[in-house]
Amino acid sequence: AGQWQRAQGVLRRLPEWALRPDHMTYNSLIDACAKGKAWDQALATLDEMCGEDLAPTWISYVAAVGACGAAGRWQQAQALFAAAPGAVR
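Predicted model, so just to flag it, every value in this text is computed and none were measured.

Enquirer: So, the pattern of salt bridges: which residues are in play, and what are the values?
Expert: Summed over all chains, the structure comprises three salt bridges. The salt bridge involving Arg12 is made with Glu48; its shortest N-O contact spans 2.8 Å. Placement of the pair is Arg12 in helix 1 (residues 3-13) and Glu48 in helix 3 (residues 39-51), with a sequence separation of 36 residues. In this structure Glu48 comes out as partly exposed when scored by relative accessible area, which is 23%. With a shortest N-O distance of 3.3 Å, Glu16 and Arg13 are connected by a salt bridge. You can call Glu16 exposed: its relative accessible area is 57%.

Enquirer: For helix 2 (residues 23-35), give the residues involved together with the corresponding values.
Expert: With 13 residues, helix 2 extends 18 Å between its outermost C-alpha atoms, agreeing within 8% with the 18 Å of an ideal straight helix rising 1.5 Å per residue. Of the positions making up helix 2, those classed as buried are Tyr26, Asn27, Leu29, Ile30, Ala32, Cys33 and Ala34. Those residues of helix 2 that are buried lie in contact with helix 1, helix 3 and helix 4 (58-70).

Each value, and the rule that gives it
- Residues numbered from 1 in each chain as written.
- Predicted model: local features only at pLDDT ≥ 70, side-chain atom pairs only at ≥ 80, totals over all residues.
- Heavy atoms only, no water.
- Salt bridge = Lys/Arg side-chain N within 4 Å of Asp/Glu carboxyl O.
- Helix = DSSP H or I, 4+ residues; strand = E, 2+ residues; numbered from the N terminus.
- Buried < 20%, exposed > 50% of the residue type's maximum accessible area, 1.4 Å probe, protein only.
- Expected span 1.5 Å × (residues − 1).
- Contact = heavy atoms within 4.5 Å.

Encoded structure:
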């Protein structure tokens, strides 16, 4: 398994340890996805943050845009950047 898959596994196990993921946890996973060129997982993680009542930060969006860019998914990167909150612009 790649690093992003290991990071995702840790995130999934946090509830077993009575821990709740925070912005840093999710941002780290998005960054690991970027390094592994797993752009689709980075975007899924960004969506998951919202489901956990954690509004993605500019760091979250920059990491997700980087994941799309690293995988050569420039259209997705541009769309994500355009959809990001004003803090990114």
